[in-house]
Each structure stands twice: as C-alpha cells, then as structure tokens.
Amino acid sequence: MTTATTTRPLVFLALPQEGAARLATQFLLAITGTLLLTLSAKTKVMLGPVDLSMQTLAVLLIAAAFGMRLGVATLLLYMAEGAMGFPVFQGTPEKGIGIAYMLGSTGGYLAGFVVMAAIVGWAADRGWDRHPIKLFNAMLIAEVVMMAMGFAWLALLIGPEKSWQFGVVPFIVGDLIKVTLAASLVPAVWSLLKRS
C-alpha cells in the first residue's frame, strides 16, 4: 500500500517549526492573504466588454504558496469577513454587502474560490508547485471547477443561456492568462530558492 507524499508548500519555509509562534505566524499569513484577496478583488483590468478582477490570480497564488490547509483557511476567513459585512468582494459595497451579496450572482464563484484553493493547495502539498506543467494542470482543473460552480449558481438565477453568455464566456481568456501566469510564477520562485 502506498501513501501520497506530502511536501511543504512555499510559505512553510518561513514558518517556525512548532508552538505558539507557528500558530501566530499562520494566523498572520491568513490575515495577509485576506488583505491580498480584497486588494485583488478591487483591482480591475479591462479586457473587452468586461472588467476582470485579479482575484482568481490571488486565489491561485495563495493556494499554491500556502498549501491546502492554510490556503482553504485563508479563503474561509475571507468569506467570513464578507459575510460579516466587510466590503472585501469586488462589487461591495456598491452592489450590497454581507450574506445578501454572497447569495447574489457571484455566490457560486465565491464558493468556487474555496474549492479552487483546496485543489491547488492539495497539488502544492504534493510538490506539484515545483513543476510548471503539473501545477498548470491542477490550476486549470481548479479553474474549471470554480467556473462550473459559478455557472451553476448563476443559471439558477438567470437561466443557463445567459449564465453561459455573461458568466463564463467573457472570462475564459482572462482566466487562462491568470492560470498560466500563476503556474509559471510559483515554480520560478522555487527555482530561484534552489539557486540561493
């Protein structure tokens, strides 16, 4: 019987080995991650008729650097901040806040971010974050799952045709660029660390 090999994600190189210092550092990393997610949600890039946030890129990078447990914990903390009414999401506070916003048109994508972090973090825990092709494959799967969750939720609200037209198609190219960028950056950091 074989067991899956677990390696340490990038950020764990800087963590204290044990005790309260390790827990405090992980908490600070999670808080920093939520700040990065908020900043990325508010950063918009125009690509054709839609404006894209950098949030997908931030989720991918956080998950790859933090690993599954800390990555998912960071995303759950971010969701909790949003549920409590903090304006951390892309359309907040302009389009509402709290649970009401989370149950709106972006609800499936927000839930998908957590699953995305789990998939990419799982891959990073197994050393895939050191190999661009493996990491790209994991990130692409995570992207497809996240988009499928967003599409499914949006389809319940506005129907499948409009959901596909407005909730998936405009984001395909931009998100593929973000997946490619994230899958290149993390292995590049590992490569630089090996040389130093």
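Residues numbered from 1 in each chain as written. Predicted model: local features only at pLDDT ≥ 70, side-chain atom pairs only at ≥ 80, totals over all residues. Heavy atoms only, no water.

Observations regarding the side chain of Asp175
Put simply, the rule is: Helix and strand definitions here come from DSSP, where helices need a minimum of 4 consecutive H or I residues and strands a minimum of 2 consecutive E residues; each element is numbered from the N-terminal end. Here the term buried applies to any residue with accessible area under 20% of the maximum for its type, exposed to any over 50%, and partly exposed to those in between, with areas from a 1.4 Å probe on protein chains only. It only takes one pair of heavy atoms within 4.5 Å for two residues to be counted as in contact.
Structurally, Asp175 is set in helix α7 (residues 172-195). The class for Asp175 is buried, based on a relative accessible area of 4%. Those residues in contact with Asp175 that sit more than four places away from it in its chain are Thr56, Glu143, Met146 and Met147.

What to know about the packing of helix α2 (residues 55-83) against helix α4 (residues 107-125)
Axis angle and axis distance: for two packed helices, these are the angle between their axes and the distance between the axes, and together they describe the pair. Our working definition: Here an angle of 0 to 180 degrees is reported between the N-to-C directions of two axes, which are lines fitted to C-alpha atoms, with helices fitted over the stretch in contact. Angle categories: roughly parallel below 35 degrees, roughly antiparallel above 145, roughly perpendicular from 65 to 115, and oblique for all the rest. Each residue gets one label: Ala, Val, Leu, Ile, Met, Phe, Trp, Tyr, Cys and Pro are nonpolar, Asp, Glu, Lys and Arg are charged, and the others, such as Gly, are polar.
Direction vectors running N to C along α2 and α4 enclose 105 degrees, while the axes themselves pass 7 Å from each other. When the axis of α2 is compared with that of α4, the two are roughly perpendicular. Grouping the constituent residues of the contact of α2 with α4 by class yields 18 nonpolar, five polar and one charged.

With respect to the nonpolar core
Under the convention used in this document: To define a nonpolar core, start from buried Ala, Val, Leu, Ile, Met, Phe, Trp, Tyr and Cys residues and group those joined through side-chain atoms within 4.5 Å.
Counting residues in hydrophobic clusters, the biggest one holds 45 residues, and the most contacted among them are Leu75, Tyr78, Met79, Phe89, Phe113, Val120 and Met139. When residues in this core are grouped by element, the largest group, 14 residues, is from α2. Residues contacting Tyr78, with those up to four places away along its chain left out, are Thr34, Leu37, Thr38, Ala41, Gln55, Val88 and Phe89.

A word on the pattern of salt bridges
When their charged atoms lie close together, side chains carrying opposite charge are able to pair. Our working rule: A side-chain nitrogen of Lys or Arg and a carboxyl oxygen of Asp or Glu constitute a salt bridge if their distance falls within 4 Å.
Enumeration according to the criterion identifies two salt bridges in this entry. Of the charged contacts in the structure, one is a salt bridge between Arg130 and Asp129, with a shortest N-O distance of 2.8 Å. Here Asp175 ties to Lys178 by a salt bridge, and the two come within 3.2 Å at their closest N and O atoms. Separated by three residues within a single helix, Asp175 and Lys178 lie in helix α7, roughly one turn from each other.

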